[in-house]
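Residue-level structural notes
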Amino acid sequence: MFSFRLLICLGFILFISFVDAGKQETDAVRNQNRNANADEWSTEIRLVDGESDNIGRVEIRAEVKPGKIKWGKVCHDKWEQEDADVACRQLGFSRGAKRVIKNAERTFGPGKLNFFMDDVECSGTEEALQLCTFGKKGSNKFGRGNCKDKKVRTAGVECWINQLTSMCN
């Protein structure tokens, strides 16, 4: 037999799940629309070689030539809390970054990819890394910068894990 408290708790969780799913769908559509004009960039990023899905080396997917899509690393030059927060939120971690990791190759290995983003400078309000200023002199061009083939300047992040707070405890 369900108690009244359990029913309220289940209703609260379902409501939160429904609202969050709607927001994620809206955010995905908004990011898709914003990036329709950004020919070089997809909205996809990932964290690689961490212990769990909320920590790792930051990699981004770019269309390097028409029809040629590849993954690349993000350089840690100018990599700060705002940049890491944007990356975490883009990955679905709504609380942002717990820890900014420079020289991420020391923890996660260097990876075998080239650098695609350098000098990333986010205000912290962007919905995706590719909407931040980046590249040599803010050119917003992939591969422009001084990080090219250096393996020891990789950006990483540890994101806060999303938690539901409710009256269910």
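Residues numbered from 1 in each chain as written. Predicted model: local features only at pLDDT ≥ 70, side-chain atom pairs only at ≥ 80, totals over all residues. Heavy atoms only, no water.

1. Examining the overall build of the protein chain
Here is the rule we go by: Strands are runs of DSSP state E lasting at least 2 residues, helices are runs of H or I lasting at least 4, and numbering of each runs from the N terminus. Relative accessibility under 20% of the residue-type maximum defines a buried residue, over 50% an exposed one, and the middle range a partly exposed one, all with a 1.4 Å probe and only protein chains included. Any two residues whose heavy atoms approach within 4.5 Å at even a single point are treated as in contact. Note on areas: Shrake-Rupley with a 1.4 Å probe; residue coverage comes only from the protein chains shown.
What the protein chain contains, in helices and strands, is three helices and six strands. Secondary structure of the protein chain in N-to-C order comes out as α-β-β-β-α-β-α-β-β. Classification of the 169 residues of the protein chain by burial places 37% in the buried group. In the protein chain, of all internal contacts separated by at least 6 residues, the share reaching a separation of at least 24 is 69%. Entry remark: accessible area of the protein chain is about 10,200 Å², with carbon and sulfur atoms responsible for 52%.

2. Some remarks on the environment of Val100
With respect to the secondary-structure elements, Val100 resides in strand E4 (residues 97-101). Sequence separation between Val100 and Gln81 is 19 residues, and the spatial gap between their C-alpha atoms is 6.0 Å. Those residues in contact with Val100, other than ones at most four positions away along the chain, are Trp79, Glu80, Gln81, Ala84 and Gly156.

3. So, the side chain of Asp119
Mapped onto the secondary structure, Asp119 falls in the loop between strand E5 (115-117) and strand E6 (156-159). Excluding residues within four positions of it along the chain, Asp119 makes contact with Asp77, Lys78, Thr133, Phe134 and Gly135.

4. Examining the state of the cysteines
Our working definition: Any two cysteine sulfur atoms lying within 2.5 Å of each other are counted as a disulfide.
Overall, the coordinates contain two disulfides when judged by the stated rule. Note on cysteine connectivity: Cys88 is disulfide-linked to Cys159, with sulfurs 2.0 Å apart. Taking the torsion about the S-S bond as the criterion, the Cys88 to Cys159 disulfide, at about -85 degrees, is left-handed. A residue pair is termed long-range when its members are at least 10 positions apart, and Cys88 in helix H2 (residues 81-90) and Cys159 in strand E6 qualify at 71 residues.

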